[in-house]
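This is what each chain is made of:
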Amino acid sequence: LMNSEAAELGATNCSFSNPNGLTEEGHYMTAYDLYLIFQEAMQYDLFNQIIQMSSYTTTYKDKNGAEKSVDVKNSNQYLKGTYEMPPNVTVIGGKTGTTNAAGHCLLLLSRSSAGTSYISVIMKDTSGENLYKDMTTLLGLAK
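Before going into details, it helps to say that this report is about the structure given with it. Every value quoted in this text rests on a predicted model; they were computed, and no experiment measured them.

Rules used throughout
Residues numbered from 1 in each chain as written. Predicted model: local features only at pLDDT ≥ 70, side-chain atom pairs only at ≥ 80, totals over all residues. Heavy atoms only, no water. Phe/Tyr/Trp six-rings, centres within 6.5 Å; stacked < 30°, edge-to-face > 60°. Buried < 20%, exposed > 50% of the residue type's maximum accessible area, 1.4 Å probe, protein only. Helix = DSSP H or I, 4+ residues; strand = E, 2+ residues; numbered from the N terminus. Core = buried A, V, L, I, M, F, W, Y, C linked by side-chain atoms within 4.5 Å. Expected span 1.5 Å × (residues − 1). Contact = heavy atoms within 4.5 Å.

**Looking at the packing of aromatic side chains**
Working step 1: Enumeration over the complete set of coordinates arrives at 4 aromatic pairs.
Working step 2: A centroid spacing of 5.5 Å and a plane angle of 75° characterise the contact between Phe-38 and Phe-47, whose relative ring orientation is edge-to-face.
Working step 3: By relative accessible area, Phe-47 is classed as partly exposed at 26%.
Working step 4: Consider the rings of Tyr-83 and Tyr-132, whose centres lie 4.9 Å apart with planes at 10°: the pair is stacked. Placement of the pair is Tyr-83 in the loop between α4 (77–80) and β3 (89–99) and Tyr-132 in helix α5 (residues 128–139), with a sequence separation of 49 residues.
Working step 5: Judged by relative accessible area, which is 4%, Tyr-132 ranks as buried.
Working step 6: Here the aromatic cluster, defined as three or more aromatic residues joined through ring pairs, consists of Tyr-78, Tyr-83 and Tyr-132.

**Overview of the nonpolar core**
Working step 1: Tyr-78, Val-89, Val-91, Leu-106, Leu-108, Ile-122, Leu-131, Tyr-132, Met-135, Leu-139 and Ala-142 together form the largest nonpolar core, which totals 11 residues.
Working step 2: Contributing elements (two or more residues each) for this core: β3, β4 (103–112) and α5.
Working step 3: Counting residues per element, this core draws most heavily on α5, at 4 residues.
Working step 4: Residues Phe-38, Ile-51, Leu-107 and Val-121 belong to the second largest nonpolar core, which totals 7 residues.

**A word on α5**
Working step 1: Between its first and last C-alpha, α5 extends 16 Å over 12 residues, near the 16 Å set by a 1.5 Å rise per residue.
Working step 2: Summarising the contacts, the buried residues of α5 are in contact with α4, β3, β4 and β5 (117–125).

These figures capture arrangement, not role.
Below you can see the structure in the form of structure tokens.
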């Protein structure tokens, strides 16, 4: 289903082998396809709310029917204040991801001081520190 939905969006250079994005044979994605999928997700208010949250708590039932709660913290280092955004840019939110195969990845929605929105994607960076340095350089190009 994920493959057919992606194809409908024009994301034709990706293949999903699982729903979680973890490394698996036949599972791959391009930066442009991530952009297309993220752009579609931005059409949903709940998605916009979630990518901007610093943390949230969710409750679920385990296999025995017992309620469990889990606190999830946002790993976006701009939103956490670990890395500074360029002076002309506000990071709205996004998605981080790291695996051995994919390296350090970051997909962001940001807005320039002129009010222009941007979706930025960096994949396969060598470290978390380099990822945010490279993204800061990319965001600094915003007009």
